[in-house]
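Fold and geometry: a report
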2 protein chains.
Amino acid sequence: MRIITIEREFGSGGRELGKRLAGSMEIPCYDQELIDEVAKLHNLSPEYIERISESDIRTVYPRTIGHRFSSMRAISNDSIKVAASQKKVIERLASQGDCVLVGRGADVILKEYRPFRIFVYADQVSKINRCLARSEKGENEKEIQRQMKYIDKNREIYHDLLSDTKWGDKENYHLCINTSGRTIKSLIPGLTAYIYDWFQNQ
Amino acid sequence: MRIITIEREFGSGGRELGKRLAGSMEIPCYDQELIDEVAKLHNLSPEYIERISESDIRTVYPRTIGHRFSSMRAISNDSIKVAASQKKVIERLASQGDCVLVGRGADVILKEYRPFRIFVYADQVSKINRCLARSEKGENEKEIQRQMKYIDKNREIYHDLLSDTKWGDKENYHLCINTSGRTIKSLIPGLTAYIYDWFQNQ
């Protein structure tokens, strides 16, 4: 089975890389689909799920999962339910067959599937330019920088709650891809070849 | 021009990866050749050059290159000459055309050539197994671990003297390759494809 997980810095193009890689390999990519599924399960809106699953994790994620219990005060019921569902949905999707999973700790959750783990990153300038280019709300550079810092911090916290390893440490990934000054599209054929070989020689 | 530089952890297979990659791309790989050339220049043995160019750098490398001068006491004349020659040889080799260069700060020295920079690493178990398999002197695990720590520390120091960036930080490389549990050979076709695309889309 070929499971590929992608962790990524905000603005590095990791989401696009996941989509394009899955397209090139002709397998599904779960990103927004994951959110939608969890939303449907709880009869909540996908926007709300996305917000609570990537923004408020530090205060809301149950620290009992693999870690010592510290404080329940700030934990909202929705967030606990959502985090637990997310884990179940990730496991179910992976069990269905080959796929690419973007973010949400899938690399840790699916450890037993021995996924090919990718970390996508870029320099600050490239990340800001990418965000500016895709921005729909017309945020300025400063707002993007703030958003970047906030989201990456939360991704790191989410990951570190699930695992003893540190988010972004190259040791935890099979391949770390720097997208600085590159189009994502241009990286896909070589990356696809690399991954095919990797699974073939397992 | 396609210049590829490889920095690597001791035992990760970086040297073999350089050789095989160069073979696959049909371009020269400079590693031992570099040592031999510097040795010839100074009429010293390659073994001696290798020893002083990777082992005693902390005490011998002139701290005046890009850094504040601190102490000349421990600097041996041979080592200064060798470090300077090494830099010149690296620059001359790169100016001749496409090539792969393994270690010795080539990624920093050749910055202006905009090389494709690779960092090769692996987990401790894989690195020790690789060393045990290729050991000619029959070192045991403990001796290899000591050697590993010592050589990687010196590579780090050498790199950090030439540059303000930190050796092994993924930000300084275009691709970080984890070779744990892999044969180097199996990684080459995909890697070659990735690098061809990278230079084509520059």
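Before reading further, recall that the structure is shown in the block above.
Anyway, here's the lowdown on the structure attached to this text. Quick caveat, the model's predicted, so the values are computed rather than measured.

All right, on to the pattern of salt bridges then. In the structure shown here, the tally under the stated rule is 24 salt bridges over all chains. Among the ionic pairs, A:Arg92 bridges to A:Glu37, the shortest N-O distance being 1.8 Å. Residue A:Arg92 is located in helix H5 (residues 77-95), and its partner A:Glu37 is located in helix H2 (residues 32-42); the two are separated by 55 residues in the primary sequence. When its relative accessible area of 37% is taken as the criterion, A:Arg92 is described as partly exposed. Between B:Asp98 and B:Arg2 there is a salt bridge, with its nearest N and O atoms 3.3 Å apart.

Once that is clear, we can look at helix H2 (residues 32-42) of chain B. Residues and elements named next belong to chain B. Looking only at H2, the buried set comprises Leu34, Ile35, Val38 and Ala39. Down the axis of H2, the sector holding all buried residues measures 135 degrees, keeping them to one side. Projecting away from the buried face of H2 at angles above 90 degrees are the exposed residues Lys40 and Leu41. Positive phi shows up at asparagine 43, right after H2, with a value of about 55 degrees.

Turning our eyes to something else, we now look at the relation of the copies chain A and chain B. Aligned on chain B, chain A shows an RMSD of 0.0 Å; the corresponding rotation is 180 degrees and the shift along the axis is 0.0 Å. Overall, the copies show the geometry of a two-fold rotation axis. Measuring from the rotation axis to each C-alpha of chain A, the shortest distance belongs to A:Cys176, at 2.5 Å.

Often, the extent of an interface is quoted as the loss of accessible area on bringing the components together. Each side of the interface is counted separately: chain A has 24 residues, and chain B has 24 residues. On the chain A side of the interface with chain B, the three residues burying the most area are A:Lys170, A:Arg182 and A:Tyr194, jointly 30% of the side's total. In this assembly, chain A and chain B are joined by 15 residue pairs in polar contact (both at pLDDT 80 or more). Of all elements in the fold, only strand S4 (116-121), strand S5 (175-178) and helix H9 (184-200) of chain A reach the threshold of two or more residues within the side of chain A that touches chain B. With nine residues, H9(A) is the single largest residue contributor to the side of chain A that touches chain B.

Let us look at the packing of helix H7 (residues 124-134) of chain A against helix H8 (residues 141-162) of chain A. Residues and elements named next belong to chain A. Two elements in contact, H7 and H8, have axes whose closest approach is 10 Å; the angle formed by their N-to-C orientations is 110 degrees. Taken together, the axes of H7 and H8 are roughly perpendicular relative to one another. Counted together, Gln124, Lys127, Ile128, Cys131 and Leu132 of H7 and Glu141, Ile144, Gln145, Met148 and Asp152 of H8 form the full contact between these two elements.

Residues and elements named next belong to chain A. The backbone of asparagine 43 shows a phi angle near 55 degrees, a positive value even though the residue is not glycine. Within the element layout of this structure, asparagine 43 appears in the loop between H2 and helix H3 (46-54). Its relative accessible area of 74% is what places asparagine 43 among the exposed residues. Even without being a glycine, arginine 104 presents a positive backbone phi close to 60 degrees.

Residue and element names in this part refer to chain B. Taken across its six residues, strand S1 (residues 3-8) has six buried, putting it largely inside the fold. Of the two faces of S1, the one holding Ile3, Thr5 and Glu7 and the one holding Ile4, Ile6 and Arg8 are both buried throughout. Bridge analysis of S1 against strand S3 (residues 99-102) gives four bridges, and the strand direction is parallel. Looking at the pairing, threonine 5 lines up with leucine 101 of S3. Where S1 lies against strand S4 (residues 116-121), five bridges are found, and the strand directions are parallel. Across the sheet, threonine 5 pairs through a bridge with arginine 117, a residue of S4.

Residues and elements named next belong to chain B. Running from amino to carboxyl end, helix H1 (residues 14-25) crosses helix H9 (residues 184-200) at an angle of 55 degrees, the nearest separation of the two axes being 9 Å. Put simply, H1 runs oblique to H9. Crossing geometry of H1 relative to H9 is assigned as right-handed. Within the contact between the two elements, H1 uses Glu16, Leu17, Arg20, Leu21, Ser24 and Met25 and H9 uses Ile184, Lys185, Ile188, Leu191, Thr192, Ile195 and Tyr196. For the contact of H1 with H9, a count of residues per class yields eight nonpolar, two polar and three charged.

Rules of the game
- Residues numbered from 1 in each chain as written.
- Chains lettered and ligands numbered in written order.
- Predicted model: local features only at pLDDT ≥ 70, side-chain atom pairs only at ≥ 80, totals over all residues.
- Heavy atoms only, no water.
- Salt bridge = Lys/Arg side-chain N within 4 Å of Asp/Glu carboxyl O.
- Helix = DSSP H or I, 4+ residues; strand = E, 2+ residues; numbered from the N terminus.
- Buried < 20%, exposed > 50% of the residue type's maximum accessible area, 1.4 Å probe, protein only.
- Arc of directions from axis to C-beta.
- Least-squares fit on C-alpha atoms with pLDDT ≥ 70 in both.
- Contact = heavy atoms within 4.5 Å.
- Buried area = accessible area lost by both parts, 1.4 Å probe.
- Polar contact = N/O pair within 3.5 Å; in protein donor to acceptor, adjacent residues only side chain to side chain.
- Axes fitted to C-alpha atoms, helices over the stretch in contact; angles between N-to-C directions.
- Parallel < 35°, antiparallel > 145°, perpendicular 65-115°, else oblique.
- Pairing = 2+ DSSP bridges.
- Left-handed = near helix turned anticlockwise from the far one by under 90°.
- Nonpolar A, V, L, I, M, F, W, Y, C, P; charged D, E, K, R; others polar.

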